[in-house]
2 protein chains.
Amino acid sequence: MIKTGVTNGITDVSGLRVGAAHDADVRTGVTVVLPDTRAIAAVDVRGGGTGSRELELLSADGTVDAVDALVLSGGSAFGLAAADGVAGWLAENGRGFPVGDMRVPLVPTAILFDLLNGGDKAGFSGSADDALPYRALARQAVLEAGDTIGNGNVGAGYGAVTTGHDGRKLKGGQGTASFVIDGGITIGALAAVNAVGSVVANEAGQFWAGPIEQADEFGGRGGPAQIEVLDHPLNKYGDLAESANTTLVVVATDAALDQRQARRVAMMAQAGLARSIRPVFSPMDGDVVFALSTGIHAVDDVRHVAQIGMLAADCVTRAVARGIYHAQALDDVWESYGQAYPIHDGR
Amino acid sequence: MIKTGVTNGITDVSGLRVGAAHDADVRTGVTVVLPDTRAIAAVDVRGGGTGSRELELLSADGTVDAVDALVLSGGSAFGLAAADGVAGWLAENGRGFPVGDMRVPLVPTAILFDLLNGGDKAGFSGSADDALPYRALARQAVLEAGDTIGNGNVGAGYGAVTTGHDGRKLKGGQGTASFVIDGGITIGALAAVNAVGSVVANEAGQFWAGPIEQADEFGGRGGPAQIEVLDHPLNKYGDLAESANTTLVVVATDAALDQRQARRVAMMAQAGLARSIRPVFSPMDGDVVFALSTGIHAVDDVRHVAQIGMLAADCVTRAVARGIYHAQALDDVWESYGQAYPIHDGR
């Protein structure tokens, strides 16, 4: 029996907390996933234009298999500074990879581009990098990290923007979802959606994710029987910025995965992006999936890993749709899902 | 305007032919994609248990960017011998990578596991490797290569098997589909489906691929509004063989892609597997997507590449469903789609 967890969020996974902070004027934000202790992690990159820090560390031939935190941030490459804020807090608390009597915090980070979303971006062209909010936002997110996390204009998804089925402008966001297998292993996903592609399949506003929806968690419009529009303009900002999109994901489980297994779960979880966004993995996106294991429940065999990966993909699918469903418009350019796809009488 | 090509197959792409051959007693087969001249190729692997030959050649830091043919074969690792049959024919015809006055045929190949499908597998445990049919089948496929290719029990998909939404046994197969953009660029896909996951979403027999279906090309049952069964037993052969599944894909286009662009198209096309099979990319699958460019129409920019990748993914989605829809049962163990999911009155 598989069912949604208590909070229907990545925080249902034991052994981790999640924090989020945003700057409403700049229209940007940071999300931090903070395991209670160093946790096995892996990453899988599918986008063509990724912005990241400490991803090479997690490569298949790397030496390290555990991390102190994962960070998703707005701010494009500027947002990579968010890791500094988390690393500082970790160092103050004596946490990190042990090297002699030092501790080096390992904080893999990925960013999304939210520099053309209408916020106040004056700080990005100044010479004082202290003008940028990412370190402070990251520290705030860590300090406020807890056992629940909302959906919509939250954390890294605060300033995110995306498109509808015909390319119409749509507010992006951050969503989360979970599944629990038989009261045992829990699997959760967190997704910050800033994709050039669409999470919506048709004019009726049906999410691609519809067939996997649980208990009307993103509006209950069901999956699309047939899509009407095959093409997509693929130009969220007009022709201003091509490679300025991405969907950032963390999947987590309390199953005790080794890094090879975690990488497989990350790879399988990418299927959840494909099932919720079209197109995806484009050269103009920077799609990244992290997988984190807090190592509580034993895993039996490869079939068990495959089941976890299958459900991780489903959680990603649901998290993507929930992020968009709950996002609110910050202006009249990037409409909310409810504004862009109102429910019509008689439908 | 995007529409289905004339044959709705990968053969709609100018500059290539496709051949298929099978051995009905052994229940196995081979598919060869044969460009008229050496063509740009790339590959992307997502499965955990891939069987392949000459894939490293196509890696991002490889020297070679074009191939003489691509081969998909049954026979698990034994089937890699199919490349010999194609290479022999190419050498006889003076085709291959030029090295001095020699020509070395480059024939990247991937296999699927069809050794437990009920066929006569006596030759696989004998000492005489000539007892195996793969070289001969590959040569036959090349000699018969033409401008059309069928769906169902064809080529590498002849002996393929897969599962239904609740894990029920289902005959696999090979399918193909195409799209043409505005009378210009053509994109096609060919998929041999031997997945542990299911292409069917529910008891009503709706394909995951349903929302992308064109003109009832795989039965017209539409996409699933909601799936009923979240779990999947992930044991196609009982517990006999874990890592014995895969979906092999070739996408092709007459757009003039360089290898980096072709790799991106292959990566985007993987989304088509995710949209047509659940779960996918599992540690028990060997999912591979090749991308081939016959280089006729110029490509403008990254957005154009993204559009080609988007439609390549759609063609993969449709090819997967068409392969299963048209496959016929070879015995009463692995039922055809029509047998396993009959249309009920009043549905």
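Residues numbered from 1 in each chain as written. Chains lettered and ligands numbered in written order. Predicted model: local features only at pLDDT ≥ 70, side-chain atom pairs only at ≥ 80, totals over all residues. Heavy atoms only, no water.

S.K.: When you look at the interface of chain B and chain A in this model, what are you seeing that I'm missing?
M.R.: Interfaces are often described in size by the accessible area the parts lose on coming together. Opposite the 52 residues of chain B that make contact, chain A presents 52 residues. Roughly 4,300 Å² is buried in total at the junction of chain B and chain A, and carbon and sulfur atoms are behind 57% of that figure. Three residues stand out in chain B for area buried against chain A, namely Arg46, Leu230 and Arg303 of chain B, and they jointly supply 18% of the buried area on that side. Where chain B meets chain A, there are four salt bridges. Linking chain B to chain A there are 24 residue pairs in polar contact (both at pLDDT 80 or more). Sorting the residues of the side of chain B that touches chain A by element identifies β4 (39-45), β15 (236-239), α3 (259-274) and α4 (302-326) of chain B as the ones contributing at least two each. With eight residues, the top contributor of residues to the side of chain B that touches chain A is α4 of chain B. The residue inventory of the side of chain B that touches chain A, partitioned by class, reads 27 nonpolar, 13 polar and twelve charged. (Contact = heavy atoms within 4.5 Å. Buried area = accessible area lost by both parts, 1.4 Å probe. Salt bridge = Lys/Arg side-chain N within 4 Å of Asp/Glu carboxyl O. Polar contact = N/O pair within 3.5 Å; in protein donor to acceptor, adjacent residues only side chain to side chain. Helix = DSSP H or I, 4+ residues; strand = E, 2+ residues; numbered from the N terminus. Nonpolar A, V, L, I, M, F, W, Y, C, P; charged D, E, K, R; others polar.)

S.K.: Mind showing me how you'd approach the pairing of strand β14 (residues 186-194) of chain B here?
M.R.: On a regular strand, one side chain projects to one face of the sheet and the next to the other, so that they alternate. Residue and element names in this part refer to chain B. Most of β14 is tucked away, with nine of its nine residues classed as buried. Residues Thr186, Gly188, Leu190, Ala192 and Asn194 of β14 are buried on one face, and the alternating residues Ile187, Ala189, Ala191 and Val193, pointing to the opposite face, are buried as well. Bridge count between strand β13 (residues 173-181) and β14: eight bridges; the pairing is antiparallel. Across the sheet, residue Val180 finds its bridge partner in β14, namely Thr186. (Buried < 20%, exposed > 50% of the residue type's maximum accessible area, 1.4 Å probe, protein only. Pairing = 2+ DSSP bridges.)

S.K.: Could you clarify how one ought to interpret α3 of chain B in this entry?
M.R.: Residues lying three or four places apart along an α-helix face the same way, a consequence of the helix completing one turn every 3.6 residues. With 16 residues, α3 of chain B extends 23 Å from end C-alpha to end C-alpha; this agrees with the ideal 22 Å at 1.5 Å per step. Put simply, Asp258 of chain B is the residue that caps the front of α3 of chain B, since its side-chain oxygen is 3.2 Å from the backbone nitrogen of Arg260 of chain B. (Expected span 1.5 Å × (residues − 1).)

S.K.: Which parts of the structure should I look at to understand the side chain of Ser198 of chain B?
M.R.: Residues and elements named next belong to chain B. Turning to its location among the elements, Ser198 is positioned in the loop between β14 and β15. From its side chain, Ser198 meets the backbone oxygen of Thr163 in a polar contact 3.4 Å long. Engagement of the side chain of Ser198 in a polar contact is seen with the backbone oxygen of Val200, the distance being 2.8 Å.

S.K.: Just to check I follow, could you spell out the nonpolar core for this structure?
M.R.: Looking at soluble globular proteins, one finds that nonpolar side chains tend to be buried together. Grouped together as the largest cluster of nonpolar side chains are 112 residues, with contacts concentrated most on Phe207, Val251 and Leu273 of chain A together with Val251 and Leu273 of chain B. Not counting the four nearest positions on each side in its chain, Leu273 of chain A is found in contact with Thr247, Val249, Val280, Phe281, Asp287, Val289, Val316 and Val320 of chain A. Ranked by size, the runner-up nonpolar core spans 29 residues in total, among them Ala21, Ala81, Phe124 and Tyr237 of chain B. (Core = buried A, V, L, I, M, F, W, Y, C linked by side-chain atoms within 4.5 Å.)

S.K.: Can you walk me through the packing of helix α1 (residues 82-92) of chain B against helix α2 (residues 134-143) of chain B in this structure?
M.R.: Describing two packed helices takes the angle between their axes plus the distance from one axis to the other. All names here are of chain B. Contact geometry for α1 and α2: axes closest at 6 Å, N-to-C directions at 45°. Between α1 and α2, the crossing angle belongs to the class labelled oblique. Here α1 and α2 pass one another in a crossing that is right-handed. Contact residues: α1 offers Ala82, Asp84, Gly85, Val86, Gly88, Trp89 and Glu92, while α2 offers Tyr134, Arg135, Ala138, Arg139, Val142 and Leu143. Here the residues of the contact of α1 with α2 are counted per class, giving seven nonpolar, two polar and four charged. (Axes fitted to C-alpha atoms, helices over the stretch in contact; angles between N-to-C directions. Parallel < 35°, antiparallel > 145°, perpendicular 65-115°, else oblique. Left-handed = near helix turned anticlockwise from the far one by under 90°.)

S.K.: What is the right way to look at the environment of Ile324 of chain A in this model?
M.R.: All names here are of chain A. Residue position: Ile324 is located in helix α4 (residues 302-326). For Ile324, a relative accessible area of 0% translates into the label buried. Ignoring sequence-local partners within four residues, the contact set of Ile324 consists of Thr162, Leu170, Lys171, Gly172, Gly173, Val193, Val199, Phe207 and Tyr337.

S.K.: Explanation requested: helix α2 (residues 134-143) of chain A in the structure shown.
M.R.: All names here are of chain A. All buried positions along α2 are accounted for by Tyr134, Leu137, Ala138, Ala141 and Val142. Seen along its axis, α2 keeps its buried residues to an arc of 135°; they face one direction. Structural note: α2 exposes Ala136 and Leu143 on the side pointing more than 90 degrees away from its buried face. Of the surrounding secondary structure, the elements contacted by the buried residues of α2 are β2 (16-23), β3 (28-35), β7 (70-73) and α1 (82-92). (Arc of directions from axis to C-beta.)

S.K.: Got a minute to help me understand the sheet that holds strand β2 (residues 16-23) of chain B in this structure?
M.R.: The strands making up a sheet associate through hydrogen bonds between their backbones, and the pairing can be parallel or antiparallel. Residue and element names in this part refer to chain B. Strand order in the open sheet made by the five strands is β2-β3-β7-β10-β5, with mixed pairing throughout. For this open sheet the edge positions go to β2 and β5 (51-53), each flanked by a neighbour on one side alone. Across the sheet, the mean angle from the axis of one strand to that of its neighbour is 15°, orientation sign disregarded. Here β5 pairs with strand β10 (residues 109-111) via three bridges, running antiparallel. What sits directly across from Gly51, in β10, is Ile111. Strands β3 (28-35), β5, β7 (70-73) and β10 of the sheet are contacted by α1, whose axis makes an angle of about 35° with β3. Packing of α2 onto the sheet brings it into contact with β2, β3 and β7, and relative to β3 it is tilted by some 45°.

S.K.: Sorry if this is basic, but what is going on with the packing of aromatic side chains here?
M.R.: To describe a pair of aromatic rings, you give the distance between the ring centres and the angle between the ring planes. In this structure the tally under the stated criterion is 16 aromatic pairs over all chains. Judged by centre distance (5.9 Å) and plane angle (70°), the rings of Phe113 of chain B and Tyr237 of chain B are edge-to-face. Here Tyr237 of chain B lies in strand β15 and Phe113 of chain B lies in the loop between β10 and α2, a separation of 124 residues in the sequence. Across this residue pair, the class does not change: Phe113 of chain B and Tyr237 of chain B are buried. On the accessibility criterion, Tyr237 of chain B (7% relative accessible area) is buried. Taken together, the aromatic side chains of Phe207, Phe218, Tyr325, Tyr337 and Tyr341 of chain A make up a single cluster linked through ring pairs. Seen from the ring of Trp334 of chain A, Lys169 of chain A lies directly overhead, with NZ or CZ sitting 5.2 Å from the centre. Directly above the ring of Phe179 of chain A sits Arg318 of chain A, whose terminal nitrogen or CZ lies 4.2 Å from the centroid. (Phe/Tyr/Trp six-rings, centres within 6.5 Å; stacked < 30°, edge-to-face > 60°. Lys NZ or Arg CZ within 6 Å of the ring centre and 35° of its normal.)

S.K.: Whenever I open this one, the environment of Asp61 of chain B confuses me. Can you help?
M.R.: Residues and elements named next belong to chain B. Tracing the backbone through its elements, the reader meets Asp61 in the loop between β5 and β6 (66-67). On the basis of relative accessibility, which here comes to 68%, the residue Asp61 falls in the exposed class. Along the sequence, Asp61 and Gly222 sit 161 residues apart, while their C-alpha atoms lie 42 Å from each other. For Asp61, the side chain forms a polar contact with the side chain of Ser59, separated by 3.0 Å.

S.K.: Where do I start with the relation of the copies chain B and chain A in this structure?
M.R.: Note: a rotation about an axis with an accompanying shift along it relates these two copies of the chain. By a simple turn and slide, chain B fits onto chain A: the slide is 0.0 Å along the axis, the RMSD is 0.0 Å, and the turn is 180°. Here the transformation between the copies is reduced to the relation of a two-fold axis. Looking at the interface residues of chain B, 100% of them are also at the interface in chain A, so both copies use one shared face. (Least-squares fit on C-alpha atoms with pLDDT ≥ 70 in both.)

S.K.: What's the story with unusual backbone geometry in this structure? I'm lost.
M.R.: Both trends apply: most residues other than glycine have a negative phi, and most peptide bonds are in trans. Residue and element names in this part refer to chain A. Cis rather than trans, the peptide bond between Arg278 and Pro279 has omega equal to -10°. For Pro279, the position within the fold is in the loop between α3 (259-274) and β17 (288-297). One non-glycine residue, Ala215, lies in positive phi territory at about 50°. By relative accessible area, Ala215 is classed as exposed at 78%.

S.K.: How should a nonpolar patch on the surface be read in this particular structure?
M.R.: Residue and element names in this part refer to chain A. Taken together, the side chains of Phe97, Val99, Met102 and Val104 present a nonpolar region at the surface, about 330 Å² in accessible area. When contributions to the nonpolar patch are tallied by element, the ones reaching two or more residues are β8 (97-99) and β9 (102-104). By secondary structure assignment, the location of Val104 is in strand β9. Here Val104 falls in the partly exposed class, since its relative accessible area comes to 37%. (Patch = residues over 30% accessible without salt bridge, like charges linked within 9 Å, V, L, I, M, F, W, Y side chains within 5 Å. Areas by Shrake-Rupley, 256 points an atom, 1.4 Å probe, with all protein chains shown as cover.)

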